[in-house]
Amino acid sequence: MTTAGGTSAVRIAAGLILCLLGATRPGKAWAGPETVLFYTHPADKWENALPAGNGRLGAMVFGGTAEEQIQLNESTYWSGGPYSTVVKGGRAALPEIQQLLFEGQYKQAHVLFGRRMMGYPVEQQKYQALANLVLSLEAGGEVSGYRHELDLDSAVITTTYLQGGVKYTREVLVSPVHQVVAVRLRADKPGRLSFTAQLRGYRNTAHSNYASDYFQMDGQGADGLVLRGKSADYLGVAGKIRYEARLRAAATGGTVVVKDDVLSVSKADAVTLVMAAATNFVNYRDVSGDPAARVDLVMTAATGLSFERLKQAHVQEHQRLFRRASITLPATENSKLPTDERLKAFDGSNDPALAALLFQYGRYLLISSSRPGGQPANLQGLWNKDMNPMWDAKYTTNINTQMNYWMAETANLSECAEPLFRMIRELTDQGSETAREFYGARGWVQHQNTDLWRVTAPMDGPSWGAFTTGGAWLATHLWEHYLYSGDVQFLREYYPVLKGSAEFFLDFLRPDPKRGWLVTNPSTSPENFPAGPANVKFFDEVTTMKTGTSLTVGSTIDMEILRELFSEVEQASSILGVDAELRGRVAAARAKLAPLQVGRKGNLQEWLDDWDETEKSHRHISGLWGLYPGDEISPRRTPEFARASQVVLEQRGLPGNGWSSAWKAACWARLGDGNKAMENVQYAVGHYTTASLFSICSNAMQVDGAFGLSAAISEMLLQSDGGEIRFVPALAESMTSGSAKGLRARGGFEVDFEWQAGRLVRATIVSRLGKSCRIRTPNSFAVTSGGKSVVITRPEAGVIEFATRPGESYSLASVNAGGQ
């Protein structure tokens, strides 16, 4: 099963080796309210089904008793095929657009950008649903004792119930080791298990532009089914993805019969179903793979293995990642409720352990949807039921894709970000063409969306497509990985990506004629429309544009991202000892970028001019990028801008959607207000969270909010921006005692810690890189290593600092009774 990361045989062997290495953390009871989702009824709709995945194959399990549906995905099954959206010569219109924007002629600039600088096709391709495995179960009678459960620690979904005097048990897993979906059905009395199975494909008729609805369902041999098909043609791009999915049944007792496209099991004691699926995708430019040969390879490796053997290897590999980190918070009676009831009852304080569950759920989703060698988590992670999903279930890079990975480093899942890093590098391919043809610039650029085929040109219209810093924002994740890992080889490998992004903006930036600052032009603040001259009478004068325009110059988020990017390139070039001349140019340009500004209402301005928003509770809080995920704004270092950020958060309030709540919670945590952070977590739980803990955006399932809540909760407990570690910096009142294990801090530190009555009482810090450890705390701590005292310096009030050695562990113990 060849991927960009290698063959499936290699991946299977690597997975087995990793299983032998172990790497679980001792001393933790893993089954409990922080790691288990359970329900007393099957899922009533797809969004409430339980997810499983191995980074490539995804399954949504409903848990039915008369009919079980397991909806299936494969991460490379997208519409279209290799294509480009680059339009030659778009740069010819750029000088006029820039002049119009500097003159305040926003409407005219918008129209010209739409006519001359959009990519073609104007839209992008879609992530598509693969198949459904449908089991029609023949047992009769009333059902009792029902339990449908997802154990995050084992990554196994289990459904149990009594029916007709028989206890039925069904387990589902998606193995990262053997690359199969495995289903085990058991009855506690012999001969009581009978059902039929079908692998059902999807018709590609969900969109009027689709030109193909091909798939074929067949039996295969005496114990199997096979489903073959191809992806949709879309936007004039031929569907080039071919897939095959194959099922095999092995029964204990009873009989297995295949007729046409139906597999029938009769009077068995237990049955194991193993399914493999693959496409012909090799990489974003190559679709020459053989899906049948790939499935053959996987099924051959899995044939003859018992379910217990598959499960053991799967669980061990999953726990290698999952058990690296945990959070423990007080459990209450509410913590024992079924998950859907638990969510409804949550008031922000009556179930502290729910925050720990949300943290671990985000980690579970990332492990399940983003593994080395695979594709990054998209808008829906890995799970999608539609051929025409909302927002195409692609990669939206004006917040959503980035949010998916905010917690990867802190939550000790660094390697799960590898697919993101590889995608960023792949984007430089068309990104360099887009830079040249649309902007006459060197380097590379990517706007607000991309897909499996790594297209980069503006899309969806000027108000969305003119976001030129989408790729630069992505590139900051490369530097973040270096800050956590200290991996110089990684930095050397990805430095050309950082450099290329900086080179684009050195060519693209223009001096604002009124103020002299360097600004992006055109610019947008993602999806937000200012109540300024840009939108006066716009609806009347341009009847085809119903939403006004967001085009402007020098938006705050652009400036914040570029200050970060230029600083990173300057530091990286110095560390690597290269590009001294470039280092000087990015430093000079950074000093001239438009600065942060406080508006007349005390708010941090979102635009260069002091404009209000047309939508008062807009979901994006883009101007606060420098607060979080950036670190330009700090209550201690920049109190004026921290206060102005707080004004924005208060003005926007709680409404928005799942990912918006998560971003606001993280910002409040960075401001040190744990109660406000928890208020947004509670709002997300009550308004934007499905029974299965997915996030909701405009009534559509997304994963970004679940990932974002995980990041926000970890930010409440541990912060390491600004070159210092801060333990429990933003505790909510309901979180005044607890512990955390395996969280990571910038500088190469891994930490376990415990707090009581709102203050840190002890911590263990493992130094991976041997850097100086700087901790901001008002309290006194004794630091020891190997039983010996460590010399502490106090470079300033409220700070302790000590030297470390690579691989050594340091213990902190509180020596005073003061509060923190």
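Calculation notes
- Residues numbered from 1 in each chain as written.
- Predicted model: local features only at pLDDT ≥ 70, side-chain atom pairs only at ≥ 80, totals over all residues.
- Heavy atoms only, no water.
- Helix = DSSP H or I, 4+ residues; strand = E, 2+ residues; numbered from the N terminus.
- Rg over C-alpha atoms; globule rule 2.2 N^0.38 Å.
- Buried < 20%, exposed > 50% of the residue type's maximum accessible area, 1.4 Å probe, protein only.
- Contact = heavy atoms within 4.5 Å.
- Areas by Shrake-Rupley, 256 points an atom, 1.4 Å probe, with all protein chains shown as cover.
- Lys, Arg positive; Asp, Glu negative; His and termini not counted.
- Charge placed at Lys NZ, Arg CZ, Asp CG, Glu CD.
- 1 Å grid on protein atoms, 1.4 Å probe; cavity = no way out; pocket = protein on both sides within 12 Å on 5 of 7 lines; lining within 4 Å.
- Points joined across faces, edges and corners; volume = space filled by probe spheres on them.
- Nonpolar A, V, L, I, M, F, W, Y, C, P; charged D, E, K, R; others polar.
- Phe/Tyr/Trp six-rings, centres within 6.5 Å; stacked < 30°, edge-to-face > 60°.
- Lys NZ or Arg CZ within 6 Å of the ring centre and 35° of its normal.
- Expected span 1.5 Å × (residues − 1).
- Bend = angle between axes of the 7 residues up to and from the residue.
- Polar contact = N/O pair within 3.5 Å; in protein donor to acceptor, adjacent residues only side chain to side chain.
- Pairing = 2+ DSSP bridges.
- pLDDT = per-residue confidence, 0-100.

Now for the overall build of the protein chain. What the protein chain contains, in helices and strands, is 19 helices and 33 strands. In terms of overall size, the protein chain behaves like a compact globule, its C-alpha atoms giving a radius of gyration of 27 Å where 820 residues would be expected to give roughly 28 Å. The C-alpha extent of the protein chain, read off along each of the three principal axes, is 80 × 70 × 50 Å. Among the 820 residues that make up the protein chain, the fraction classed as buried is 62%. Here the analysis covers contacts within the protein chain between residues at least 6 apart in sequence; of these, 71% occur between residues at least 24 apart. Just so you have it, the protein chain exposes about 27400 Å², and 50% of that area is on carbon and sulfur atoms. Side-chain charges in the protein chain split into 83 positive and 84 negative, and the spacing between the mean points of these groups amounts to 3 Å.

This part is about the layout of surface pockets. The computed volume of the largest pocket comes to approximately 550 Å³. Lining the largest pocket are 31 residues; nearest its centre among them are Leu-483, Asp-631, Gly-722, Gly-723 and Arg-746. Looking at the lining of the largest pocket, the elements with two or more residues in it are helix H11 (470-485), helix H14 (556-576) and strand E29 (773-776). If one sorts the elements of the lining of the largest pocket by residue count, H14 sits on top with 7 residues. Counted by class, the lining of the largest pocket contains 8 nonpolar, 8 polar and 15 charged residues.

Tallied over the full model, the rule gives 29 aromatic pairs. Consider the rings of Tyr-77 and Tyr-243, whose centres lie 4.9 Å apart with planes at 70 degrees: the pair is edge-to-face. Of this pair, Tyr-77 sits in the loop between strand E4 (67-74) and helix H2 (94-102) while Tyr-243 sits in strand E13 (residues 242-252), and the two are 166 residues apart along the sequence. A residue is classified by how much of its surface remains accessible, and Tyr-243, at 3% relative accessible area, is buried. Seen from their ring centres, Trp-473 and Trp-663 are 6.4 Å apart, and the 45 degrees between their planes marks the pair as tilted. Taken together, the residues span a long stretch of sequence, with Trp-473 in helix H11 and Trp-663 in helix H17 (residues 658-670) at a distance of 190 residues. Judged on exposure class, the residue Trp-473 and its partner Trp-663 are both buried. One aromatic cluster is present, formed by Trp-406, Trp-473, Trp-625, Tyr-628 and Trp-663 through successive ring pairs. Sitting above the plane of the Phe-322 ring, Arg-363 keeps its charged end 5.4 Å from the centroid.

Here we come to helix H12 (residues 488-508). With 21 residues, H12 ought to run about 30 Å at 1.5 Å a step, and its terminal C-alpha atoms sit 29 Å apart, in line with that. Its axis deflected by about 50 degrees at Tyr-494, H12 carries its strongest bend there, up to four residues before the proline Pro-496. Here H12 starts with a cap whose side-chain oxygen sits 3.1 Å from the backbone nitrogen of Gln-489, and that cap is Asp-487.

Here the structure, examined in full by the defined rule, presents 8 cavities of 30 Å³ or more. The computed volume of the largest cavity comes to approximately 310 Å³. Split into classes, the residues belonging to the lining of the largest cavity amount to 13 nonpolar, 6 polar and 7 charged.

Right, let's get into the environment of Gly-64. Relative to the helices and strands, Gly-64 resides in the loop between strand E3 (57-61) and E4. Spatially, the C-alpha atoms of Gly-64 and Ser-136 are 9.4 Å apart, while their sequence positions differ by 72 residues.

Quick look at the pairing of strand E11 (residues 215-220) now. Both faces of the sheet carry side chains from a regular strand, because those side chains alternate between them. Taken together, the 6 bridges between E11 and strand E12 (residues 224-230) define a ladder with antiparallel strand orientation. Within E12, the position partnered with Gln-220 by the bridge is Gly-224. From the end of E11 to the start of E12, which pair antiparallel, there are 3 residues, and Gly-221 there has a positive phi angle of about 70 degrees.

Per-residue confidence for the protein chain averages 92 on the pLDDT scale, and 93% of its residues sit at or above 70. Contacts from residues 1-27, a stretch scored under 50 in pLDDT, to residues over four places away or in other chains number 56 contacts.

Okay, unusual backbone geometry next. Cis geometry is found at the peptide bond from Tyr-120 to Pro-121, where omega equals -5 degrees. One can find Pro-121 in the loop between helix H3 (106-116) and strand E5 (131-137). Note that the residue after Tyr-628, namely Pro-629, is joined by a cis bond; omega there is 15 degrees. Assignment of secondary structure puts Pro-629 in the loop between helix H15 (580-592) and helix H16 (639-652). For Glu-527, which is not glycine, the phi torsion reads 60 degrees and is therefore positive. Along the polypeptide, Glu-527 turns up in the loop between strand E21 (518-519) and helix H13 (538-541).

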